Amino acid sequence: MVKISASILAADFSDLKGEISRVLPYIDEIHLDVMDGHFVPNLTFGYPILEAVKKLTNLPVDVHLMVTNPDDHIEKFITGGASRVTVHYETCYHLHRTISRIKELGAEAFVSINPATPVNVLEEILPYVDGVLIMTVNPGFSGQKFIPTMFEKIKKLSSLRMSKGLTFKIQVDGGVGNENAVQLAQLGVDILVMGYGVFKNEQLPTLREELLKLKDSTWRT
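Residues numbered from 1 in each chain as written. Predicted model: local features only at pLDDT ≥ 70, side-chain atom pairs only at ≥ 80, totals over all residues. Heavy atoms only, no water.

As recorded by an unreviewed UniProt entry, the protein chain carries the name Ribulose-phosphate 3-epimerase and is attributed to Fervidobacterium thailandense. Under Pathway (unreviewed entry), UniProt gives the following word-for-word description of the protein chain: "Carbohydrate degradation." Annotation of the protein chain in UniProt includes, under Catalytic activity (unreviewed entry), the sentence "D-ribulose 5-phosphate = D-xylulose 5-phosphate". (UniProt positions renumbered as here; feature names shortened; annotations may be inferred.)

**Considerations on the sheet that holds strand β7 (residues 169-173)**
Taking strand neighbours around the barrel as the criterion, the eight strands line up as β1-β2-β3-β4-β5-β6-β7-β8 in a closed arrangement whose pairing is parallel. Here the strands of the sheet are splayed against their neighbours by 25 degrees on average, with no regard to which way each runs. With six bridges joining them, strand β2 (residues 29-35) and strand β3 (residues 61-66) adopt parallel strand pairing. Paired with D33 across the two strands is H64, which belongs to β3. Running at roughly 165 degrees to strand β6 (residues 131-135), helix α5 (residues 150-163) makes contact with β5 (108-113), β6 and β7 of the sheet. (Pairing = 2+ DSSP bridges. Helix = DSSP H or I, 4+ residues; strand = E, 2+ residues; numbered from the N terminus. Axes fitted to C-alpha atoms, helices over the stretch in contact; angles between N-to-C directions. Contact = heavy atoms within 4.5 Å.)

**Observations concerning α5**
Counted at 1.5 Å a residue, the expected span for α5 with its 14 residues is 20 Å, and the 20 Å between its end C-alpha atoms agrees. Taken as a whole, α5 has its buried residues at M150, F151, K153, I154, L157, S158, L160 and R161. Those residues of α5 hidden inside the fold are in contact with β5, β6, β7 and α6 (181-186). (Expected span 1.5 Å × (residues − 1). Buried < 20%, exposed > 50% of the residue type's maximum accessible area, 1.4 Å probe, protein only.)

**Notes on the pairing of strand β4 (residues 84-88)**
As a general feature of sheets, a regular strand has side chains that alternate between the two faces. Along β4, five of the five residues are buried, which leaves the element largely enclosed by surrounding structure. Of the two faces of β4, the one lined by R84, T86 and H88 and the one lined by V85 and V87 are each fully buried. Relative to β4, β3 runs parallel, the two being bridged by four bridges. Paired with H64 across the two strands is T86, which belongs to β4. Crossover connection from β3 via helix α3 (residues 74-79) to parallel β4: handedness right-handed. Where β4 meets β5, five bridges bridge the pair, whose relative direction is parallel. Looking at β5, one finds that V85 is bridged to A109. (Right-handed = clockwise from strand over helix to strand, strands pointing away.)

**Remarks on helix α8 (residues 204-212)**
An α-helix turns once every 3.6 residues. As a result, residues three or four positions apart point the same way. Along α8, the positions that sit buried rather than exposed are L204, L207, R208 and L211. Buried residues of α8 fall within an arc of 105 degrees about the axis and therefore sit on the same side. At its buried positions, α8 is contacted by β1 (3-7), α1 (16-23), α6, β8 (191-194) and α7 (196-199). (Arc of directions from axis to C-beta.)

**A word on the pattern of salt bridges**
If charged atoms from side chains of opposite charge come close, those side chains can pair. The full count for this structure, using the stated rule, is twelve salt bridges. Residues K55 and E51 are paired through a salt bridge, measuring 3.9 Å at the closest nitrogen-oxygen approach. Separated by four residues within a single helix, K55 and E51 lie in helix α2 (residues 47-56), roughly one turn from each other. Here E108 ties to R84 by a salt bridge, and the two come within 3.0 Å at their closest N and O atoms. Placement of E108 in strand β5 and of R84 in strand β4 is noted, with a sequence separation of 24 residues between them. Taking the relative accessible area as the measure of exposure, E108 reaches 22% and is therefore partly exposed. A residue is classified by how much of its surface remains accessible, and R84, at 4% relative accessible area, is buried. (Salt bridge = Lys/Arg side-chain N within 4 Å of Asp/Glu carboxyl O.)

**Some points on the UniProt feature "binding site: a divalent metal cation" (unreviewed entry) in the protein chain**
Mapped onto this structure's residue numbering, the UniProt feature "binding site: a divalent metal cation" (unreviewed entry) falls at H31, D33, H64 and D173. Taken along the chain, the residues just named run across 143 residues; in space they keep tight, none of their C-alpha pairs more than 10.2 Å apart. Residue placement: D33 occurs in strand β2. Those residues within four positions of D33 in sequence are excluded, and the remaining contacts are S7, L9, T44, F45, H64, M66 and D173. Side-chain polar atoms of D33 contact the side chain of S7, separated by 3.0 Å. Secondary-structure assignment places H64 in strand β3. Take H64: its relative accessible area is 0%, and that puts it in the buried class. Aside from chain neighbours lying at most four places away, what touches H64 is H31, L32, D33, V34, T86, H88, S112, L133, M135 and D173. (Polar contact = N/O pair within 3.5 Å; in protein donor to acceptor, adjacent residues only side chain to side chain.)

This is the structure:
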C-alpha cells in the first residue's frame, strides 16, 4: 500500500497537536525535515520537536537529515524515537558506514538524492539501504512546485530496482499533491512525503481513498 508521510514543516506550529489530530485518519507516518541552514538555506527544528511529536502520536517518525554532518545526529534521533533516518548522498563521505550505523541502531536507513544528482551514483549502495528518497524539489523550503523531469528519474530508479531484484522502498519529497500523487504511486513510489498536500489540502480524504484503491495493483510485489 502507498503510504503518506506527513511533513510537519507545513503544519501550523501554534497548534501542532490539533494539526496532527486533524490529519491522523489519512496519514501513515510523520516526516521531520531537519535543516541546518548550511546544506540547505533554511533552518528548521531538531530533537525537541521529535520529542514533542512522539508525545502526540504513536505513528512512525521519519527523520530527514538535510545537514552537512548527519553522522553527528543519527544516534540521538534514533534513541529519541525515530523509526527511519534519511541521509543525503551529497553529505556522506562514507555512505556505507553511515547506512550500516543507522541499521545497527535499529532504524530504517534511507538515502536521498537532490534533483541534480543522477540515480546511477547509488548503484553500489542500493543492496544495503531500506529505501531511496528522491527529492522532487530543491531541498530547503516547503510549498515548492514539483520538478517535471523527476518523473523520468523515478522511472529509472523503479526499473533499476526491478532489474536487480531489490526490495528497497522508493520515497519522493517535494511538490506532491492531488495532481500527481496517484501518478507517482503508479510509477512505483511507495511513500509520498506531503506537507501542503496534507495540512493545506481540503481534498485529502478523497486523495487517500484514491491511493487506497491502488493497493491491489498487479505491479506491486
